[in-house]
Structure formats: structure tokens, C-alpha cells
Amino acid sequence: MTPQPCPSETPLVKVRDLCVRFSGTPPVHAVNSVSFDLAAGEVLGILGESGSGKSVTLKTLLRLLPERKTTISGTVEVEGRDILSLQGRALADHRGGVASMIFQDPALALDPVYTIGQQIAETVIRHEGVTRRDAMARALEMLELVRIPSAKRRLDNYPHEMSGGMRQRAMIALALACRPKLLLADEPTTALDATVQIQILLLLRELQQEMGMGVIFVTHDIGVAVEVSDRLAVMYAGSFVETGSVADIIRDARHPYSKGLLAANLVGAVPGTRLDAVPGAPPPLNALPEGCSFAPRCAHAEPACGLSPLPVWTGGGGRWARCVQASRAEALADSGARA
Amino acid sequence: MTAESITQLATVEKSRGYWRSVGARFLRDKVAVCAGLVAAGLILMAIFAPWIAPADPLDGSMIKRLSPIGTEGYPLGADELGRDMLSRLIYGARLSLFMGVVPVLIAFAIGGAIGVAAGYLGGWVNTITMRVLDVLYAFPSVLLAIAISGALGAGILNGLLSLTVVFIPPIARVAESVTTSVRKLEYIEAAQASGASSLRIVRDHVLGNVLGPIFVYATSLISVSMILAAGLSFLGLGVSPPNAEWGLMLNTLRNAIYVQPWLAALPGVMIFLTSISFNMLSDGLRSAMDVKQ
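Residues numbered from 1 in each chain as written. Chains lettered and ligands numbered in written order. Predicted model: local features only at pLDDT ≥ 70, side-chain atom pairs only at ≥ 80, totals over all residues.

## A word on the overall build of chain B
Cut-off, in case you're wondering: Segments assigned H or I by DSSP are reported as helices when at least four residues long, segments assigned E as strands when at least two residues long, and all are numbered from the N terminus. Note on contacts: each residue gets a C-beta atom placed from the backbone, and two residues are in contact if those atoms are within 7 Å.
When you go through chain B residue by residue, the secondary structure sums to 12 helices and zero strands. Put simply, chain B runs from its N terminus to its C terminus through helices and strands in the order α-α-α-α-α-α-α-α-α-α-α-α. Of the contacts formed within chain B by residues at least 6 apart in sequence, a portion of 71% connects residues at least 24 apart.

Written out as C-alpha cells, the structure reads:
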């Protein structure tokens, strides 16, 4: 049912009808029928609020979710390899070798009892089977690549001896140490302050272009998403509601939720007045409403919104939005043009 | 680029390595250093007992029985069989420290392994293991030690065994709780994301972060173990006469408490001194090893 995004010849990542359910009472449907492609060297930004399933989607690509409690259906392919069926060594080779991840808080994601150098070297040795000496040389090279000053000395630093921005640089160095084809970034700038944030974003963008990686960048900050992405996907309650190029979505968002997110910023806000915000809260993921899950918060909701499957509006360049309104507006415009 | 150049200007502290920075922090803690010196002194005293002790700890003289402290040739007096008290206290450090340290070390290895395994595997393995240990843990430790020693009979080896059994559950509990909290941390997931195998994650990332706290807890048990061992000897379990051991000496001198109270208290003073110095030492270690301060 989900429309196919722009069909490139050999997508780096191909996700079709991905559903992730966490068992429990009641079971939680964290991701519902998500499909997308990512071309090599492309940056996809997944935008959504907390609990919308962004991080879960990302972790599925590395199979990091607890196996016993998770049911995953659909297809997930990276370089044509089925990720969901990988086992043992093949899975470990995939993690960190083909695809690697940058975590939200580098203070938590780096092991406090090992130096930065040791941690990078460990991954390099694991994937490339080189000697410790060569691995350390690579670690140094990586720290220089992410522009950590006095890299040689920083190699022997423990995570707690570095500042937040420095740690995130080290985390990036660690993630890129084995030259992965795919980089998964899970809100990598959320834990940093604004000035450091932009430095890290620029660094990521630069390294991405230099190394030609595909990047999936998850964030709740629309400014950050626009800064780094080629394409955006807006996620709500476990589903993509709209995707398109950054320019298209910024200029002309079709889904009311995307419009709401774009309106909810501080630019042009008048002091003393209430900020534009999307009213209400997302539905609980264990009891999603029938049809459009945004309908209860939507200003333009109508009876047709409660019917599934929802109509999908498609535009040029792989754009689409899953919304009754958007698709009808298009139909009206079409008939108007024909008349 | 301004932020970059500022960081460049800031002096990069040369990392001293984990153990060196722990050592530096430990040395700043006066109480812990004193405790460490006392503990080291006691250990040296135990090792070099034959060279330090002025007399044979087993050689008694009937006419010198219960000589007070300061008697000629008996600087700390003589016990109820006329043996030199100072020599017996010095030799007593050997068995007392042995009974304090060895059961805790064995329990550290066994209990630590059980706890880390249960904590890392989680689920029903954890539930079953920890509930079984809870049954043992439910007994008061003194009672459990007496029960096991009593069933096995007196003797150093049986005392050792019973104390080890007593210390496995608490150490395993601490190991389990630390491991459970570490396992959920993001760097374990990050290690997974970089393709590390389960074995490597347990060995490097879990053990590396978990051993410190478990070890510190275990050192705090050394004094408990010593007191329990002394208690066992006092009851006639554990070490048997004529061996010199502080708990046993306390027992045999208890009849003399009205005649020579200071003399009778001496083994107790030694037990107190040793246990408090080991406790303070472990406290100091705990705060020195805390990386995230």
C-alpha cells in the first residue's frame, strides 16, 4: 500500500513494510509499515517527536533491538543483504563494518574505563584483523580526521577527560573507523550545546561527502534535519506520514503534521504571545486509532480520516504524503486544470 | 573556527592512565592512607612473625601465668598458660589475616562469576540463580557460618569453607546488581553496534566496569570475615588450640577478664584495629576508583 520512493538502480538501504512490535501487555506497535530507500551517498533525515519510532527504525538496521521481546516483519536490506536473517559472525561483520551508529549521548556511549584510542582500536582490530599497532595508527588518523586538537595526546584520554563536543567527535571517529557504507546517526547533536551542535553537523556533512557514505539522520529538531539532509521523512506514531526533498517539504509541506512542525519554531514569534504548537499529544502506540493516527490532533480532521487504507498523495521526485486532505486538494487541482 | 582555536589553546592534560589517577586520588585521602599503612604493617607483621616475635608463641612458663602488661621479658604480659602475649599476638596475625582474606578472595571469584553471569544473561537464569542465593542470604551470616562449621567439625579448612559459603551470596548480589545496571548502559549497545561479540562485551566492557565496585565491596567484607572467624574460634570451631589466633585467644583469656582485664582485651584490640583499617582502606579505594566525579 505504501508508495515506493524514488527507484534508484541499487539502493544502499531498502526497507519495505517494516513493522516492529514489542511484546508485552499490551503489545506496542513501535513501527508500522515503514518503507524507504537510501541511495549511496545520500542523507535521509527522519524527523519526528519522542516516541514516534525514529530510533527503533534506526536500531532495526543494526538489529540492536532485544531479540526476545521484539517481532520484526517486512524486509530490510543493506547492499542487497537481508539484515533480518543475519546471524552470528555475519551480523557482527555487518555491525560496525558495513553500517555503524553514532549515539545521542557520547558520555554514555563511550566505555568509561577504556581510553578513546583503545576503543577505536578495538573496533578496527575486530573488523580488519590488523595488529594493535596499526589499529592505534588508524585511531590517530581518525581523531585527526574529525579534527580533534592534539590528537596524539587525546588518544590516551578517557572519555571523562574530554568535553561534550570532543567526545562526540571521538564517537564519530569510532563510528567511521572501519569506513562504513552506511552511517546511522541517532540525534547526535541533541546532548550538545548550540555552538558545538553546528560544528558537529558541518563536520558530519563534510565527512559524509568525503567518504561518500549513506547517512540516516534521526532528529526531532527540524533546523538540524534541514541542515544535514538531502531528503526528509516525517515520522508520526510509527509511520512515515510524508517524505520528499528538503526543499520541497520546507516550501510546501502537504501533511498537516509536517506543517505543524514547520510552524512550531521560534522564528518570527512575537514575545508575550503563545507559540504555535501542535495541540495534543501523540496517541499511545499500543492503541493507535483506525485510519490516520494524526486525525485526533488535526485541525482539518474529517470522517474520511478514520478509514483505512488512507489515500496517498504523490508528487514528483519521490514526494508523497499520506493524508486525505492532501490527496483531495490534488484531485481538485487536477480537475480544475482539466476544466 | 574560534571554538576550535580556543580548545587548541586550552592545555590538554596528559592522561595519566586509570590506575595512576586512582593512586593519586587515593594518596590525597589521609584517612585511607593511614588505614593502608596500618593494614600493610599488619600484613608485614604476619609474614615476618618468626623474625619479629621475641619468644616462641607456644612456649609457656607456669610461674609467669597471667603476668600483667610490662612484666620483665613479657612486654605485653603472659597468657593463662604463661606464653608471651606479644609473640602470640604477632603470630596470631598470620591465621587471623588468613581467615579474613582467603574466604573473601574465594567468594569474590565464585560469587563474582555467578553474579556477573546472572546479571548479564538476565531473564529466568537471573531469577532462579538469585532466588537460590537469596535463600542462603536469608540466614544471619553468623548463624550460617556456625551451622556449616558445626556440621563439618572444627578445623581451619572447614572454617574456611563455611566462611566462603557465607560470603558468596552477598558478593553475588552486588555483582548482579552492578552488572544489570551496566548491561543497560548505552556503551554496551554501542559496543554491540560496532560488531563486538557477546564474549568480548562481557570480558572487556562489562567486567571492566564491574570488577572495581565488586572488589571494593569484597575488601569491606575482609573485616567481617575476620570477626566471624574469630567468633568461630571463640566457639571452639575453626582454629583449635594451641594455635595462636586472635579469636581463640579472646576465648581462652575470657576467664582472666576479672584478674587481668587489659591483658584479656588485647586480642580484641588487634581484631578491632585490623577490621577498622581494612574497612577504611576499602572506603578510600571506593572513592578513589570512582571515575565519574
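## Notes on the overall build of chain A
Quick note on the threshold: Every radius of gyration here is taken over C-alpha atoms, with the globule rule written as 2.2 Å times N^0.38, N being the number of residues. Partly exposed residues are those whose C-beta has more than 12 but fewer than 20 other C-beta atoms within 10 Å; 20 or more makes a residue buried and 12 or fewer makes it exposed, with C-beta atoms placed from the backbone.
For chain A, the helix and strand inventory stands at 12 helices and 12 strands. Here the C-alpha atoms of chain A give a radius of gyration of 21 Å, agreeing with the 20 Å that 2.2 N^0.38 yields for 339 residues. Summarising its shape, the C-alpha atoms of chain A cover approximately 70 × 50 × 45 Å along the three principal directions. Looking at chain A as a whole, 47% of its 339 residues are labelled buried.

## As for the UniProt feature "transmembrane region" (unreviewed entry) in chain B
All names here are of chain B. Cut-off, in case you're wondering: UniProt positions are given in the numbering used here, feature names are shortened, and annotations may be inferred rather than shown by experiment.
The UniProt feature table records "transmembrane region" (unreviewed entry) at residues 31-53, 95-123, 135-157, 214-237 and 258-281. Here residues 31-53 runs as 91% helix and 0% strand, with 28 Å between its end C-alpha atoms. Structurally, residues 258-281 comprises 88% helix and 0% strand, and the distance from its first C-alpha atom to its last is 35 Å.

## Let's talk about the sheet that holds strand β2 (residues 28-38) of chain A
All names here are of chain A. Selection rule: Pairing between two strands requires that DSSP report at least two bridges joining them.
Taken in spatial order, the four strands of this open sheet run β2-β1-β4-β5, and their pairing is antiparallel. Each end of this open sheet is capped by a strand with a single partner; those strands are β2 and β5 (81-82). Where strand β4 (residues 70-78) meets β5, two bridges bridge the pair, whose relative direction is antiparallel. Pairing of Glu77 across the sheet is with Asp82, part of β5.

## Topic: the nonpolar core
Using the following cut-off: For our purposes the nonpolar core covers buried Ala, Val, Leu, Ile, Met, Phe, Trp, Tyr and Cys residues that link as a set through C-beta atoms within 7 Å.
The biggest cluster of nonpolar side chains holds 171 residues, and the ones touching the most others in it are Ala170, Ala173, Leu184 and Val234 of chain A together with Ile171 of chain B. Residue contributions to this core peak at 17 residues, all from helix α10 (residues 198-234) of chain B. Ignoring any residue separated from it by four or fewer positions in sequence, one finds Val234 of chain A in contact with Leu47, Gly48, Phe240, Val241, Glu242, His255, Tyr257, Ser258 and Leu261 of chain A.

## Some remarks on helix α4 (residues 116-128) of chain A
All names here are of chain A. Spelled out, the test is: Each residue after the first adds 1.5 Å to the expected span of a helix.
In this model α4 runs 18 Å from its N-terminal to its C-terminal C-alpha over 13 residues, within 8% of the 18 Å that 1.5 Å per residue would give. Within α4, 10 of the 13 residues are buried, which leaves the element mostly enclosed by the surrounding structure. For α4, the set of buried residues is Ile116, Gly117, Gln119, Ile120, Ala121, Glu122, Thr123, Val124, Arg126 and His127. Where α4 is buried, its residues contact α2 (88-98), α5 (132-145), α6 (151-154) and α7 (164-176).

## Let's talk about the interface of chain B and chain A
How we decide: Ten residue types, Ala, Val, Leu, Ile, Met, Phe, Trp, Tyr, Cys and Pro, are classed as nonpolar, four, Asp, Glu, Lys and Arg, as charged, and the remainder, Gly among them, as polar.
Opposite the 25 residues of chain B that make contact, chain A presents 34 residues. At the level of elements, α1 (2-9), α9 (186-193) and α10 of chain B are the ones that each hand at least two residues to the side of chain B that touches chain A. Grouping the constituent residues of the side of chain B that touches chain A by class yields nine nonpolar, 10 polar and six charged.

## Structural notes on the confidence of the model for chain A
Quick note on the threshold: Confidence scores labelled pLDDT are given residue by residue by the predictor and lie between 0 and 100.
Chain-level pLDDT for chain A is 84 on average; 93% of the residues reach the 70-or-more range. Predicted confidence for residues 1-8 of chain A stays below pLDDT 50, and this span has 16 contacts to residues more than four positions away or in other chains.

## Some thoughts on the packing of helix α5 (residues 85-121) of chain B against α10 of chain B
All names here are of chain B. Keep this limit in mind: For helices, the fitted line uses only the C-alpha atoms of the stretch in contact; every axis is such a line through C-alpha atoms, and the angle between N-to-C directions lies from 0 to 180 degrees. Each crossing is labelled by how the near helix is turned from the far one, with a counterclockwise turn of less than a right angle marking it left-handed and a clockwise turn marking it right-handed.
Axis separation between α5 and α10 bottoms out at 7 Å; the angle between their running directions is 145°. Considering only the axes of α5 and α10, their crossing is right-handed. Across the interface between the two elements, Ser96, Met99, Gly100, Val101, Pro103, Val104, Phe108, Gly112, Val116 and Tyr120 of α5 pack against Val202, Val206, Leu207, Val210, Ile214, Ala218, Leu221, Ile222, Ser225, Met226, Ala229 and Ala230 of α10. Here the residues of the contact of α5 with α10 sort into 18 nonpolar, four polar and no charged.

## Regarding the UniProt feature "domain: ABC transmembrane type-1" (unreviewed entry) in chain B
Here, the residues flagged by UniProt with the feature "domain: ABC transmembrane type-1" (unreviewed entry) are residues 93-282 of chain B. Along residues 93-282 of chain B, the helical share is 84% and the strand share 0%, with 19 Å between the first and last C-alpha atoms.

## Considering the pairing of strand β7 (residues 182-186) of chain A
Residue and element names in this part refer to chain A. In terms of burial, β7 is a largely internal element, five of the five residues being buried. Here β7 shows no split at all, with Leu182, Leu184 and Asp186 on one side and Leu183 and Ala185 on the other all buried. Pairing between strand β6 (residues 99-102) and β7: four bridges, direction parallel. Paired with Met101 across the strands is Leu184, a residue of β7. Pairing geometry for β7 and strand β8 (residues 214-219), over five bridges, is parallel. In the strand pairing of β8, Leu183 is matched with Val215.

## Points about the UniProt feature "domain: ABC transporter" (unreviewed entry) in chain A
The feature "domain: ABC transporter" (unreviewed entry), as given by UniProt, occupies residues 13-262 of chain A in the numbering adopted here. Across residues 13-262 of chain A, the secondary structure splits into 42% helix and 26% strand, with the terminal C-alpha atoms separated by 27 Å.

## Some points on the pairing of strand β3 (residues 43-47) of chain A
Residue and element names in this part refer to chain A. Counting buried positions along β3 yields five of five residues, so the element is predominantly enclosed. Burial along β3 is two-sided: the residues Val43, Gly45 and Leu47 and Leu44 and Ile46 are all buried. As judged from the five bridges shared by β3 and β8, these two strands associate in the parallel manner. By the bridge assignment for β8, Val43 is matched with Val215.

## Considering the sheet that holds strand β12 (residues 320-321) of chain A
Residue and element names in this part refer to chain A. Pairing in this open sheet of eight strands is mixed, and the strands run β6-β7-β8-β3-β9-β10-β12-β11 from one edge to the other. The outermost strands of the open sheet, each flanked by one partner alone, are β6 and β11 (313-314). With two bridges joining them, β11 and β12 adopt antiparallel strand pairing. Each bridged residue has a counterpart across the sheet, and for Thr314 the counterpart in β12 is Trp320.

## Quick notes on α2 of chain A
If you check which residues of α2 of chain A are buried, you get Ala92, His94, Arg95, Gly96 and Val98 of chain A. Close packing links the buried residues of α2 of chain A with β4, β6, α4 and β7 of chain A together with α9 of chain B.

## Observations concerning the packing of helix α7 (residues 141-152) of chain B against α10 of chain B
Residue and element names in this part refer to chain B. Where we set the bar: Each angle gets one of four labels, with under 35 degrees taken as roughly parallel, over 145 as roughly antiparallel, 65 to 115 as roughly perpendicular, and the rest as oblique.
Between α7 and α10, whose axes approach to 10 Å, the crossing angle comes to 50°. Relative to α10, the element α7 lies oblique. Classified by chirality, the crossing of α10 by α7 is right-handed. Counting all contacts with α7, which are made through Ser141, Val142, Ala145, Ile146 and Ser149, the residues of α10 involved are Leu228, Gly231 and Leu232. Its residues placed into classes, the contact of α7 with α10 shows five nonpolar, three polar and no charged.

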